[in-house]
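Here is how the chains run, residue by residue.
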Amino acid sequence: MRRLLLVALAIATAASPAAGGQGTAAASSGSGATTAALAREVAQLRLERDLASGKGFYLRLDAGRQRLALMLQGVTLDDYATAKLEWGVPEVVFVDRRPPADWDASPISRGRLEPERDRDRLEVVAPPLVAADAKPAEGASPSPPPIPKSAEESYSVPSPYRVVFAEGVSLEVRAKGHGGRNRSLFRRLLDAASLRAADLASALRLGATERVRLRVTLEADDAAALYRSLPPDVGLIVVGLKPR
Amino acid sequence: VSAGPTPGPAVVADAEAALGRRVLDRLRAAARDRRVRLAAAGLILFLLALLGTGWDFATVAPGADAAATVKPATREALRLAAESERLQAALRRRVPRGPWIVIDQTHNRLRLMHGDDTVLEAPCSAGSGMILKEASGGRRVWVFDTPRGRFEVLSKAENPVWKKPDWAFVEEGEPIPKDPGERMEYGSLGEYALYFGNGYMIHGTLYERLLGRPVSHGCIRLGKEPLREVYRAAPLGTPVYIY
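Residues numbered from 1 in each chain as written. Chains lettered and ligands numbered in written order. Predicted model: local features only at pLDDT ≥ 70, side-chain atom pairs only at ≥ 80, totals over all residues. Heavy atoms only, no water.

Draft legend 1. A look at the overall build of chain A. Per the secondary structure count, chain A includes four helices and 10 strands. Written out in order from the N terminus, the α and β elements of chain A read α-β-β-β-β-β-β-α-β-β-α-β-α-β. Considering chain A as a whole, with its 244 residues, one finds that 39% of them fall into the buried category. When contacts within chain A are restricted to residue pairs at least 6 apart in sequence, long-range pairs at least 24 apart make up 72% of them. With an accessible surface of roughly 13600 Å², chain A has 58% of that area assigned to carbon and sulfur atoms. (Helix = DSSP H or I, 4+ residues; strand = E, 2+ residues; numbered from the N terminus. Buried < 20%, exposed > 50% of the residue type's maximum accessible area, 1.4 Å probe, protein only. Contact = heavy atoms within 4.5 Å. Areas by Shrake-Rupley, 256 points an atom, 1.4 Å probe, with all protein chains shown as cover.)

Take a look at the structure:
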């Protein structure tokens, strides 16, 4: 009996440091992960502070809250709820090309719309000079100036469209249920085929340096409003996105 | 013209079976050919490679950030948490505590804010984006855009008088006066004006029916009632954000 007790005691003694060691390892790996997550958060906050200190507009994509906001100097100018948020990396023969781990803690700038808005400005040549004392002819009335088109009339909004940034990051914006019902099956197939071809080309880096693509689905009105009002050369900050 | 005898169903079935056999025989013969097998294998590999090439997307689920949910335990983590808190507070302080104005010049909407709350939202008219060219020999060109960015209310005026710039005369085909007094126009800017720099201001309009459309020469036109409210609520120094 005593021998049995001694064996049990020996096993317990031998096992306890191992168990303690495992616990310590788990705790240290847990605290390491927390520290890493905090370091990432701080790096992003510093980046956001720098963006907010500048004079440029920027987009803030909050993955945790699923919101996309247009910002200037730390102030939210417009805020959109995302119906769906995805993020992707190029993949070649099932092998994905992952970006550096800290890609979202580095500056992302000079975003431009693709396809671009083609602004059609009205051009008016001033009427010839009329002498100060000259009286207008009887019945003549000055023609009213032309009224420019509103944004809704000026820009049709493609879906999807992209905001392409200089650092190889792009934001693809899709309108929720983007006209699927209004388009013919042939049109949808054609669009899908052209998107697939573009994706293939960018994944194979045929003339593109895209490393990360963020895909947000917005309500159709929000997607259109963002397309029509996005200022040129916007920056981007992405927060709350967990690494893949 | 006489038609030949119509083949019976049994004859047709035999012909179809014979054709099927011939096709199968050809396929079998082709499958025995090494080159064809290699080509088929290459095609399958290519299709597989194509299937695995493109963009691999992962859906992001909403939720709190991992760092925010775990309590920091080490000294380094505590330091980082404190810095994170400090940076977040600094960012929160960027939102004006008092009144501020946001103008969406694409959709011609003005919002008067107070802290995080929207106090007023009204249609306005921003710059038309039109280009005006001087007639007969003149080389001057004006672009009627509203500037984007952050501005501040620099001065305010009741019953403002408009000192007409050159383009206002050129646009009408009138000679540019030499006497500055002839540039003054009364009543066309409405009851109030809030200047935010470089000759731009938020003011009233005689053409309220055009509010909501981009028709101004760069200033922001606002309806009578909203203008009164903005004028009363926005002291000097009020931030104006235009996008």
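Back to the write-up after that little detour.
Draft legend 2. Representation of the overall build of chain B. Scanning chain B from terminus to terminus reveals six helices and 14 strands. For 243 residues, the compact-globule estimate of 2.2 N^0.38 gives 18 Å, and chain B exceeds it by more than 25% at 37 Å. Taken along the three principal axes of its C-alpha coordinates, chain B extends 105 × 85 × 35 Å. By residue count, 38% of the 243 residues in chain B fall in the buried class. Residue pairs at least 24 apart in sequence account for 57% of intrachain contacts in chain B once pairs closer than 6 positions are excluded. Roughly 14400 Å² of accessible area belongs to chain B as shown, and the carbon and sulfur atoms make up 56% of that amount. (Rg over C-alpha atoms; globule rule 2.2 N^0.38 Å.)

Draft legend 3. Seen up close, unusual backbone geometry. Residue and element names in this part refer to chain A. Residue Pro-115 is reached from Glu-114 by a cis peptide bond, and omega for that bond is 0°. Structurally, Pro-115 can be placed in the loop between β5 (108–114) and β6 (123–125). Geometrically, the link from Ser-159 to Pro-160 is a cis peptide bond, its omega value of 0° lying close to zero. Among the secondary structure elements, Pro-160 is positioned in the loop between α2 (151–154) and β7 (161–164). The backbone of Val-93 shows a phi angle near 50°, a positive value even though the residue is not glycine. Secondary-structure assignment places Val-93 in the loop between β3 (75–92) and β4 (95–96). Given a relative accessible area of 42%, Val-93 falls into the partly exposed group.

Draft legend 4. Focus on the layout of surface pockets. Roughly 1100 Å³ of volume is contained in the second largest pocket. Considering the residues around the second largest pocket, the lining is formed by 39 residues, among which Arg-60, Asp-62, Arg-65, Met-71 and Thr-76 of chain A are closest to the centre. Secondary-structure elements contributing two or more residues to the lining of the second largest pocket are α1 (2–53), β1 (57–62), β2 (67–72) and β3 of chain A together with α4 (75–92), β2 (99–104) and β3 (109–114) of chain B. The element that contributes the greatest number of residues to the lining of the second largest pocket is β3 of chain A, accounting for six residues. The residue inventory of the lining of the second largest pocket, partitioned by class, reads 17 nonpolar, seven polar and 15 charged. (1 Å grid on protein atoms, 1.4 Å probe; cavity = no way out; pocket = protein on both sides within 12 Å on 5 of 7 lines; lining within 4 Å. Points joined across faces, edges and corners; volume = space filled by probe spheres on them. Nonpolar A, V, L, I, M, F, W, Y, C, P; charged D, E, K, R; others polar.)

Draft legend 5. Quick peek at the pattern of salt bridges. Tallying each qualifying case throughout the model produces 36 salt bridges over all chains. In this structure, Lys-84 of chain A and Glu-86 of chain A form a salt bridge, with 3.9 Å as the shortest nitrogen-oxygen distance. One salt bridge connects Glu-121 of chain B with Arg-109 of chain B, and the closest N-O pair in it is separated by 3.7 Å. Of this pair, Glu-121 of chain B sits in strand β4 (residues 117–125) while Arg-109 of chain B sits in strand β3, placing them 12 residues apart in sequence. For Glu-121 of chain B, a relative accessible area of 47% translates into the label partly exposed. Judged by its relative accessible area of 33%, Arg-109 of chain B falls in the partly exposed class. Look at the salt bridges and you will find they share partners, linking Lys-84, Glu-86, Arg-112, Glu-114, Arg-162, Glu-172, Arg-174, Asp-199, Glu-210, Arg-213 and Arg-215 of chain A into a network. (Salt bridge = Lys/Arg side-chain N within 4 Å of Asp/Glu carboxyl O.)

Draft legend 6. Summary view of the interface of chain A and chain B. Counting from both sides, the interface comprises 79 residues of chain A and, opposite them, 68 residues of chain B. A combined buried area of about 6200 Å² lies between chain A and chain B, and 63% of that area is made up of carbon and sulfur atoms. Per-residue buried area on chain A facing chain B is highest for Leu-38, Leu-77 and Arg-121 of chain A; these three make up 9% of the total on that side. Where chain A meets chain B, there are three salt bridges. With a shortest N-O distance of 2.7 Å, Glu-123 of chain A and Lys-133 of chain B are connected by a salt bridge. Our count for the chain A to chain B interface comes out at 23 residue pairs in polar contact (both at pLDDT 80 or more). Every element with two or more residues in the side of chain A that touches chain B is listed here: α1, β2, β3, β6, α2, α3 (185–203), β9 (212–218) and α4 (220–229) of chain A. (Buried area = accessible area lost by both parts, 1.4 Å probe. Polar contact = N/O pair within 3.5 Å; in protein donor to acceptor, adjacent residues only side chain to side chain.)

Draft legend 7. Quick peek at helix α6 (residues 224–233) of chain B. All names here are of chain B. Of the residues making up α6, those classed as buried are Pro-226, Leu-227, Val-230 and Tyr-231. The buried residues of α6 occupy one face: seen down the axis, they fall within an arc of 135°. Looking at α6, the residues exposed on the side facing more than 90 degrees away from the buried face are Glu-225 and Arg-232. (Arc of directions from axis to C-beta.)

Draft legend 8. Fine view of the packing of aromatic side chains. Taken as a whole, this structure holds nine aromatic pairs over all chains when the rule is applied. Taken together, the aromatic side chains of Phe-144, Trp-162 and Trp-167 of chain B make up a single cluster linked through ring pairs. Over the ring of Trp-55 of chain B we find Arg-213 of chain A, and its NZ or CZ is 4.4 Å from the ring centre. Sitting over the ring of Phe-57 of chain B, Arg-215 of chain A keeps its end group 3.8 Å from the ring centre. (Phe/Tyr/Trp six-rings, centres within 6.5 Å; stacked < 30°, edge-to-face > 60°. Lys NZ or Arg CZ within 6 Å of the ring centre and 35° of its normal.)

Draft legend 9. Spatial organisation of the side chain of Glu-83 of chain B. One can find Glu-83 of chain B in helix α4. Beyond its immediate stretch of four places on either side in the chain, Glu-83 of chain B contacts Val-42 and Arg-46 of chain A.

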